[in-house]
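# What the coordinates show
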Amino acid sequence: MNSLCCANFSSFRDGWLPCRSMWCGKCYVPHPLDRFHQHIQTDESGYVWNTPLDADKFRIARAGDQFMTPFQCDTCLARVLVGRTLDSTSRKDDLLACCIRRANLDALWGRETSTVLANTRHLQQLLDTWDLVGIPPPMPDLGPFPMTDVHGVGVAISMLMRSLNPGKYGDYTQFATIRKERSCFSNFFHASAAGSSAMSTLGRDTAKSFLTNCPTQSLWFERFSRGCLYRMGEMVKQDLAISIDVMQCLMILFDKEWLAVSDDWKRSEIASVALYCIIAFCGSFRGHEVFLVDLYGLLKYDALSATDPTMHYCMIPLLGQYKGETGDRYHLTPLAALTKSGLQLKLWVSRVCQHRRAERRTHGPVFADRWGNMVNPRVFESIILAKLQAIKESRCDLIPESVNVYEDYGISRSFRRGSNTHATNQGVSQSDRELMNRWRNVENARGRKARMAMADHYADIRQLIPALLRYSLSL
């Protein structure tokens, strides 16, 4: 009970002598070469908040770990992975031994110390009770394991090695990136003859559950993934929200630039980026969603607004084709032509429609290059970030000096976060914010709702326009 014992401790496997591997918990420590990242909790000044108990986290094993997580010693795993005992004089073998030890420690730390100790205590109580009444313990043997990598240790080692590569925001790669190797292996395994033929299915139609013997779906690998995530932590870097004041300055810059140039193509590009920004902000859209705006629909509803004096809004049509569906989905989102803060959506819609008619383009994406293909989002992002940098340099009261525009802002979430924040400050209810984003919920249904003809869709949306406009009018 007070030691960490390999499940193959006394077993002969494929001609190998028993490993006889056993440690006290505090003796099972990382390899001397271990340089894997371990998250340390600190405040803004760098002060470490770790408690004395945190000093041993991921650095030692605990008595009773093997009763919760399948455990094979480093020697046994090396025999499975490379078919031999590791050579301590080989640098490559040393690296493998380091990775095996780290993978095992991460797997063991997939459960908290309090849980492990409680489980060990309850197990001892079970054994004492059975001994008291004379019942032989009806417990299965912990080992031996077969001479194959049934736990996915090889994939775990690959994930660990990849984590050593420099990442975007630090000197290591984030867990969210390295975990993709698990998906890669799982996809390959289930595409193989052995993997697909051994897989069973429960259920029918769209509700299915699959039973698989894929190593990366094993209990050990689940424990490893959880422990690895706990050790590395997650660096969540959200896009900084674009405030309403910054948004107003941004649109003023675009307007001045559009009026100052005479080249039609340059004017068209400026108007397109400005329209992208104002749609993303007023519609609380994610960055990639705005690129789905359909030109034919935009031209159609722009022309309709010219003949309907009661139409004090712009209808933004989004056309998307999504995985799991046959055909396209058409979504109409009405946005206020003029918001409370003075954002002029109608002005930019009219300018873009004017440019598209001059270009003799009537179909396809609104935001397109010279050849009519959807524009690369990075092109728009570079233009927008350059404008935000100009605002920072001229208005430090809006964007502080401490903000790195090119790292802290992004078109993926900045407009949406700024829009939601300002709407909340203006007293827009949660129900109105959810109604504004209703189309995204329809897409998430993956086609399980009946499609409507476009005319019926517009007639249906007209009934909701007063409610839908409450959000964008308040901005």
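The structure presented is a predicted model; accordingly, all values stated were derived computationally and were not measured.

What follows covers the overall build of the chain. When helices and strands are tallied, the chain shows 19 helices and six strands. In terms of overall size, the chain is more extended than a compact globule, its C-alpha atoms giving a radius of gyration of 30 Å where 475 residues would be expected to give roughly 23 Å. Expressed along its principal axes, the backbone C-alpha trace of the chain runs to roughly 90 × 55 × 45 Å. Restricting the contact set of the chain to residue pairs at least 6 apart, pairs at least 24 apart contribute 73%. Carbon together with sulfur atoms contributes 54% to the accessible area of the chain, which is approximately 25300 Å² in total.

As for its placement among the helices and strands, D294 is situated in the loop between helix 11 (287–290) and helix 12 (295–307). Of the side chains with opposite charge, R361 comes closest to the buried, unpaired D294, at an N-O distance of 8.5 Å. A distance of 3.0 Å separates a polar atom in the side chain of D294 from the backbone nitrogen of G297.

Now for empty space enclosed by the protein. The tally for this structure, following the rule as stated, stands at four cavities of 30 Å³ or more. What the largest cavity holds in volume is close to 50 Å³. If you go around the largest cavity, the residues you meet are N8, S11, R13, W16, L17, P18, C19, C76, R79 and M147. For the lining of the largest cavity, a count of residues per class yields six nonpolar, two polar and two charged.

The terminal C-alpha atoms of helix 3 (residues 113–133) lie 31 Å apart, and with 21 residues this matches the ideal 30 Å at 1.5 Å per residue to within 8%. Where helix 3 is concerned, the buried positions are V116, A118, T120, L123 and W130. Taken from the residues just after helix 3, G134 is the one with a positive phi, measuring 80 degrees.

Using the criterion set out here, one finds 19 salt bridges in the structure. In this structure, R84 and D93 form a salt bridge, with 2.7 Å as the shortest nitrogen-oxygen distance. Note that E181 and R162 form a salt bridge whose closest N and O atoms lie 3.6 Å from each other. Remark: R162 occurs in helix 4 (residues 153–163) and E181 occurs in helix 6 (residues 180–191); sequence separation between them is 19 residues.

Now for the packing of aromatic side chains. Aromatic ring pairs are defined here through the distance separating the ring centres and the angle between the ring planes. Taken as a whole and assessed by the stated rule, the structure comprises 15 aromatic pairs. Taking the centre distance of 4.9 Å and the plane angle of 40 degrees together, the rings of Y276 and F291 count as tilted. Here F291 lies in the loop between helix 11 and helix 12 and Y276 lies in helix 10 (residues 264–282), a separation of 15 residues in the sequence. What makes F291 buried here is its relative accessible area of 2%. Relative to F367, the ring of Y276 has its centre 5.9 Å away and its plane inclined at 85 degrees; by these criteria the two rings are edge-to-face. Here the residue Y276 occupies a position in helix 10, and F367 occupies one in the loop between helix 13 (345–358) and helix 14 (377–394), the gap between them amounting to 91 residues. Comparing Y276 with F367, the two get one shared label, buried. Taken together, Y276, F291, F367, F380 and F415 form an aromatic cluster joined through their ring pairs. Sitting above the plane of the Y28 ring, R101 keeps its charged end 4.0 Å from the centroid. R267 extends its terminal NZ or CZ atom over the ring of W258, reaching a point 3.9 Å from the ring centre.

In this structure, the second largest pocket encloses a volume near 320 Å³. If you go around the second largest pocket, the residues you meet are A7, S11, F67, N119, L123, L127, M139, P140, D141, L142, G143 and P144. Looking at the lining of the second largest pocket residue by residue, the classes come out as eight nonpolar, three polar and one charged.

So, about helix 10. When the terminal C-alpha atoms of helix 10 are compared, their 26 Å separation across 19 residues agrees well with the 27 Å that a helix rising 1.5 Å per residue should span. Across the 19 residues of helix 10, 14 count as buried, placing the element largely inside the fold. By the N-cap criterion, in which a side-chain oxygen at the helix start approaches the backbone nitrogen of a residue two or three places on, helix 10 is capped by D263, the distance to W265 being 3.3 Å. Directly beyond the C-terminal end of helix 10, a positive phi value near 55 degrees is found at S284.

Its location among the elements puts G287 in helix 11. With 94 residues separating them along the chain, G287 and E381 place their C-alpha atoms 9.5 Å apart. Look past the residues within four positions of G287 in its chain and what remains in contact with it is Y276, I411 and S412.

Before going further, it helps to spend a moment on unusual backbone geometry. The omega torsion across G143 and P144 is 5 degrees, close enough to zero to call that bond cis. Within the secondary structure layout, P144 lies in the loop between helix 3 and helix 4. Of note, the phi angle at D14 is positive, near 50 degrees, even though the residue is not glycine. Topologically, D14 is positioned in the loop between strand 1 (4–5) and strand 2 (22–23). Of note, S284 is a non-glycine position whose phi angle comes to about 55 degrees, a positive value. The topology assignment puts S284 in the loop between helix 10 and helix 11. We classify S284 as buried; its relative accessible area is 0%.

What counts and what doesn't
- Residues numbered from 1 in each chain as written.
- Predicted model: local features only at pLDDT ≥ 70, side-chain atom pairs only at ≥ 80, totals over all residues.
- Heavy atoms only, no water.
- Helix = DSSP H or I, 4+ residues; strand = E, 2+ residues; numbered from the N terminus.
- Rg over C-alpha atoms; globule rule 2.2 N^0.38 Å.
- Contact = heavy atoms within 4.5 Å.
- Areas by Shrake-Rupley, 256 points an atom, 1.4 Å probe, with all protein chains shown as cover.
- Buried < 20%, exposed > 50% of the residue type's maximum accessible area, 1.4 Å probe, protein only.
- Lys, Arg positive; Asp, Glu negative; His and termini not counted.
- Salt bridge = Lys/Arg side-chain N within 4 Å of Asp/Glu carboxyl O.
- Polar contact = N/O pair within 3.5 Å; in protein donor to acceptor, adjacent residues only side chain to side chain.
- 1 Å grid on protein atoms, 1.4 Å probe; cavity = no way out; pocket = protein on both sides within 12 Å on 5 of 7 lines; lining within 4 Å.
- Points joined across faces, edges and corners; volume = space filled by probe spheres on them.
- Nonpolar A, V, L, I, M, F, W, Y, C, P; charged D, E, K, R; others polar.
- Expected span 1.5 Å × (residues − 1).
- Phe/Tyr/Trp six-rings, centres within 6.5 Å; stacked < 30°, edge-to-face > 60°.
- Lys NZ or Arg CZ within 6 Å of the ring centre and 35° of its normal.

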